[in-house]
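Read off the chains here:
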Amino acid sequence: MLTLTEFDDARQPMYDLVRRLFPLCRSITGDGVRETLRIVAEHIPLTVHEVPSGTKAFDWTVPREWNIRDAYVKNAQGDRVVDFRINNLHVVSYSVPVRKTMRLAELQPHLHSLPDQPDLIPYRTSYYEESWGFCLSHRLRQSLPDGEYEVVIDSTLSDGSLSYGECLLPGADEDEVLIYTHTCHPSLANDNLAGIAVCTFLARQLVPAKRRYTYRFVFGPGTIGSLAWLSRNADRATRIRHGLVAVLLGDAGGLRYKRSRAGDAEIDHAVQHALKQSGTTYDVEPFSPYGYDERQFGSPGFNLPVGRLTRSPNSGYPEYHTSADNLALIHLESLAGSLAVCARAVEILENNRRFVNTSPFGEPQLGRRGLYRKIGGESSAAREMAMLWTLNLSDGAHSLLEIAERAGLDFELIRRAADELMDAGLLTTV
Ligand code: ZN
């Protein structure tokens with residue numbers, strides 16, 4: 001039986017991982033992603049796959065690889081007024097190389113700022129359109145005097161590859177649980193690093209566990225990463241029984257589950273049950289074809305049972321995609337709480353089975369079999385109800401999770417009741 005317990009011990013190491021990954025300049029391709037995967041690989045077994053630029057992924061193409069060494073805007077005095085080395089958000093991700101001197105008016109169309117959040121640097125990308133630009137606080141932008149500026153982006157956009165990491169943990173079954181988290185953002189903490197940290201430490205707990213399912217953790221860029229993975233693993237995708245996109249898991253917001261396309265898959269019930277058990281406030285939303293990689297896994301050609309767990313969702317918090325999504329936004333309790341819910345959901349999936357009552361004609365006598373004697377203490381009424389519900393609904397059609405939901409009891413209570421009933425010979429596996 002699989003049980004996972006190390007949530008509180010993991011909170012500081014998860015935060016330390018976020019802090020260590022924070023300075024790296026990630027994008028959908030490039031050395032920042034490779035360095036990120038190398039650091040993740042210090043914690044869990046990880047295979048890094050490289051998908052060459054130009055590879056078709058259904059209707060998409062893996063873009064050229066982007067790398068950047070330096071970028072700045074220098075004023076006439078030679079001061080770097082916008083400096084990539086101070087904050088990598090200052091450069092629009094995938095900017096083509098630039099080296100020229102220009103007037104402010106000529107530079108303005110390449111500048112991005114947030115008038116409503118004048119102190120924050122926005123995060124912008126231009127993956128599929130050749131352009132360049134700088135992001136800066138609106139206050140700084142407004143303070144720039146007219147005049148000549150030296151503009152340098154020392155980047156390369158060339159044939160290379162897209163990198164993603166896979167942590168494959170084989171189980172007794174070939175059926176797989178897929179956990180996907182994206183790795184394509186530069187110095188933003190909650191978006192993506194909190195998800196990377198939670199997935200890394202979930203995998204780490206599963207490494208020594210006796211597993212029923214095979215677990216596949218994929219650390220890849222958003223959209224093109226899941227498309228590339230699916231296009232190279234179409235055969236393996238049919239083995240995915242349960243899947244979860246796990247992202248945005250470190251801020252102070254409550255947990256939020258987005259259901260799979262089908263809406264009533266086992267993963268949907270497992271995560272919702274884990275959330276209910278967590279005792280904290282949470283939200284559940286239906287599937288929609290907008291958001292993260294769940295939209296690729298849930299595209300009609302695949303229609304995989306993949307849900308999504310976040311805290312504050314994308315675009316759902318004021319610091320989203322700005323320089324304020326930094327380490328100060330990450331709460332250790334949030335990381336630990338997110339990990340705990342993911343781990344509980346995994347435990348439910350692992351232990352969720354169907355049984356058949358071997359004594360289905362009338363209610364079997366529990367006392368005669370010593371089952372009442374084991375019951376004592378304040379939770380005895382709930383344990384008795386768990387046994388009665390498990391006996392009643394174990395007709396081969398209802399899973400333990402379905403029984404727990406119908407009984408309004410914790411899955412763990414139902415699972416323990418099933419163990420005792422098995423030991424007493426009153427249940428048998430389907
Ligand atoms: Zn994002």
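See above for the structure.
Residues numbered from 1 in each chain as written. Predicted model: local features only at pLDDT ≥ 70, side-chain atom pairs only at ≥ 80, totals over all residues. Heavy atoms only, no water.

A. Just helix 6 (residues 224-232), in detail. Within helix 6, 7 of the 9 residues are buried, leaving the element largely enclosed by the surrounding structure. Considered for burial, the residues of helix 6 that qualify are Ile 224, Gly 225, Ser 226, Leu 227, Ala 228, Trp 229 and Leu 230. (Buried < 20%, exposed > 50% of the residue type's maximum accessible area, 1.4 Å probe, protein only. Helix = DSSP H or I, 4+ residues; strand = E, 2+ residues; numbered from the N terminus.)

B. Local environment of the coordination of the zinc ion. Distances from the zinc ion to its protein donors, His 185 (NE2), Asp 191 (OD) and His 321 (NE2), fall at 2.0 to 2.1 Å. For the zinc ion, the donor residues sit on a single chain with the sequence spacing H-x5-D-x129-H. You'll find His 185 and Asp 191 in the same group, each marked buried. (Donors = N, O, S within 2.8 Å, 3.2 Å for Na, K, Ca; no water.)

C. Expanded view of the packing of helix 1 (residues 8-21) against helix 5 (residues 189-206). Close contact between helix 1 and helix 5 brings their axes to 9 Å; oriented N to C, the two are set at 135°. Here helix 5 runs oblique to helix 1, going by the angle between their axes. Considering only the axes of helix 1 and helix 5, their crossing is right-handed. For the pair helix 1 and helix 5, contact is made by Ala 10, Pro 13, Met 14, Leu 17, Val 18 and Leu 21 and by Ala 189, Leu 193, Ala 194, Ile 196, Ala 197, Val 198, Thr 200 and Phe 201, respectively. Among the residues making up the contact of helix 1 with helix 5, the classes are represented as 13 nonpolar, 1 polar and no charged. (Axes fitted to C-alpha atoms, helices over the stretch in contact; angles between N-to-C directions. Parallel < 35°, antiparallel > 145°, perpendicular 65-115°, else oblique. Left-handed = near helix turned anticlockwise from the far one by under 90°. Contact = heavy atoms within 4.5 Å. Nonpolar A, V, L, I, M, F, W, Y, C, P; charged D, E, K, R; others polar.)

D. Just the layout of surface pockets, in detail. Computed from the structure, the largest pocket encloses a volume of approximately 490 Å³. Forming the boundary of the largest pocket are 22 residues, of which Tyr 127, His 185, Thr 223, Tyr 292 and His 321 lie nearest the centre. Among the residues making up the lining of the largest pocket, the classes are represented as 10 nonpolar, 9 polar and 3 charged. Domain assignment of the residues forming the lining of the largest pocket places at least three in each of domain 1 (7-63 + 161-351) and domain 2 (66-158). (1 Å grid on protein atoms, 1.4 Å probe; cavity = no way out; pocket = protein on both sides within 12 Å on 5 of 7 lines; lining within 4 Å. Points joined across faces, edges and corners; volume = space filled by probe spheres on them. Domains from an automatic or database assignment.)

E. Representation of the packing of aromatic side chains within the structure. Overall, the coordinates contain 8 aromatic pairs when judged by the stated rule. Lys 258 extends its terminal NZ or CZ atom over the ring of Phe 287, reaching a point 5.4 Å from the ring centre. (Phe/Tyr/Trp six-rings, centres within 6.5 Å; stacked < 30°, edge-to-face > 60°. Lys NZ or Arg CZ within 6 Å of the ring centre and 35° of its normal.)

F. Representation of the side chain of Ser 226 in the model. The residue Ser 226 is located in helix 6 in this model. The exposure class of Ser 226 is buried, given its relative accessible area of 0%. Only 3.1 Å separates the side chain of Ser 226 from the backbone oxygen of Thr 223, close enough to count as a polar contact. Beyond its immediate chain neighbours, meaning those up to four positions away, Ser 226 contacts Tyr 180, Pro 221, Asp 293, Gln 296 and Phe 297. (Polar contact = N/O pair within 3.5 Å; in protein donor to acceptor, adjacent residues only side chain to side chain.)

G. Here's a closer look at the state of the cysteines. Per the counting criterion, the structure on display carries 0 disulfides. In this structure Cys 25 is a free cysteine whose sulfur lies 11 Å from that of Cys 135, the closest cysteine sulfur available. Considering cysteine sulfurs only, Cys 199 is the nearest to Cys 167, which forms no disulfide, with 10 Å between them. By relative accessible area, Cys 167 is classed as buried at 0%. (Disulfide = S-S within 2.5 Å.)

H. Broad picture of the pattern of salt bridges. Using the criterion set out here, one finds 28 salt bridges in the structure. Glu 65 is the salt-bridge partner of Arg 34, the closest N and O atoms lying 2.9 Å from each other. Linking Arg 34 in helix 2 (residues 31-40) with Glu 65 in strand 4 (residues 65-74), this pair joins segments that are 31 residues apart in sequence. Look at the salt bridges and you will find they share partners, linking Arg 256, Lys 258, Asp 283, Glu 285, Glu 294 and Arg 308 into a network. (Salt bridge = Lys/Arg side-chain N within 4 Å of Asp/Glu carboxyl O.)

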